[in-house]
Structure formats: C-alpha cells, structure tokens
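Residues per chain are reported as follows:
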Amino acid sequence: MTEIKFYESIEDELLKFAVIISKTQNKYIFCKHKDRDTWEIPGGHRENGENIIDTAKRELYEETGALEFNIEPICVYSVTAPDNFNGEESFGMLFFAYIKCLETELHSEIEKIVIVDELPKRWTYPDIQPHLLNEAKRRGYL
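Okay, so let's go over this structure. Quick caveat: nothing in here was measured; it's all calculated off a predicted structure.

Calculation notes
- What you see as residue numbers is a count from 1 along each chain, following the sequence as written.
- A pLDDT threshold of at least 70 governs which residues receive local features in this predicted model, and a stricter bar of 80 or more applies before side-chain atom pairs are shown or counted, although totals over entire chains, interfaces and linings include all residues.
- Side-chain numbers come from the whole structure's heavy atoms, not from hydrogens or water.
- Salt bridges are counted wherever a side-chain nitrogen of Lys or Arg sits within 4 Å of a carboxyl oxygen of Asp or Glu.
- Starting at the N terminus, helices and strands are each numbered in turn, a helix being any DSSP run of H or I of at least four residues and a strand any DSSP run of E of at least two.
- Between buried and exposed lies partly exposed: a residue is buried under 20% and exposed over 50% of the maximum accessible area for its type, with that area taken using a 1.4 Å probe on protein chains only.
- Here a residue-residue contact requires only that any non-hydrogen atoms of the pair lie within 4.5 Å.

## With respect to the pattern of salt bridges
- Within the structure shown, the criterion is met by 12 salt bridges.
- Two residues, Lys32 and Glu111, come together in a salt bridge whose shortest N-O distance is 3.0 Å. Residue Lys32 is located in strand 3 (residues 27-33), and its partner Glu111 is located in strand 7 (residues 110-116); the two are separated by 79 residues in the primary sequence.
- Where Glu40 meets Arg36, a salt bridge forms, and the shortest distance between an N and an O atom there is 3.2 Å.
- Within this structure, Glu47, Glu50, Arg58, Glu59 and Glu62 form a network of salt bridges that share partners.

The structure is reproduced here in structure tokens:
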C-alpha cells in the first residue's frame, strides 16, 4: 500500500523530486510521456548539486514548454511504497506554477500536454498525484 505524507519542511538533501501543479488560463496542464498512455503532473528527479527550485523550473520547462511563469513551493511530500526505494520513505517538494507563456514545441520525453478544466481519468501515478492535488487544494492553491 502506498502512503503519502505532507510536511512543512525537511532537510534539503532529502528532497529527491519536484512536482509542479501547473495552470494556465485558469486551467490545469497535464503531460503525457512518449512511452505511456496516461497523464501526469509535470515533475521529475533532482540532479546532483541542483537546488530544488531549479529542479522545479527545469522540469516545468522540459515537460510543458513553460517559458514565463510564477512558481512557489507548497509543501514537502513523502511517498512510502513497497515498490519504491525498497519501501523506504522518499521525499519531494510540491510546487504550484501559473504559466503565462508556453513554447509551441516540446523538446523532451513528453509527447504532448493538455490544458483542461477537469482532472485526468487515467493517471500515471494514481496512488500519488491525486493526493498531491488534494493537498494543494486544501492549502488554497487551487
């Protein structure tokens, strides 16, 4: 069973991921990886020596083509799952971004994005990402 927890802060070096709930024109942006047929919130792994906000900005650009945006941290989240990091708790930072300008072409492993009012029905990470959206909503970001 997957367990999701939320924290106000944690030691920076424990943050392995950045996930960025994104909106433009008051609609959600979700992306579809080239190798999958499901949807996800933009985000990804932190690179060695990278500041977590820089991870978020890089992933937001790579996965949505965001050129101009406002971004802010929401909270730290953790995931504990038997098939994830040997069942150990892993940590990420959840962000919110409002995108003002998007590139017309994507340059990464993302095949396409959608700009929609509704949440997707087919999630890549159904045990994780809907919980992140609910927490952002609970905290007044959505």
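## Describing the environment of His131
- Mapped onto the elements, His131 comes out in helix 2 (residues 129-138).
- Residue classification places His131 among the partly exposed residues on the basis of a relative accessible area of 39%.
- Sequence spacing of His131 and Glu62 is 69 residues, and the spatial spacing of their C-alpha atoms is 23 Å.
- Here His131 is in contact with Ile4 and Phe6, once residues within four sequence places are set aside.

## As for the environment of Leu133
- As for its position among the elements, Leu133 is in helix 2.
- Taking relative accessible area as the criterion, Leu133 reaches 4% and is therefore assigned buried.
- Separated by 49 residues in sequence, Leu133 and Asn84 place their C-alpha atoms 20 Å apart.
- Setting aside residues no more than four positions away along its own chain, Leu133 makes contact with Ile21, Tyr28, Phe30, Ile41, Leu119, Trp123 and Leu142.

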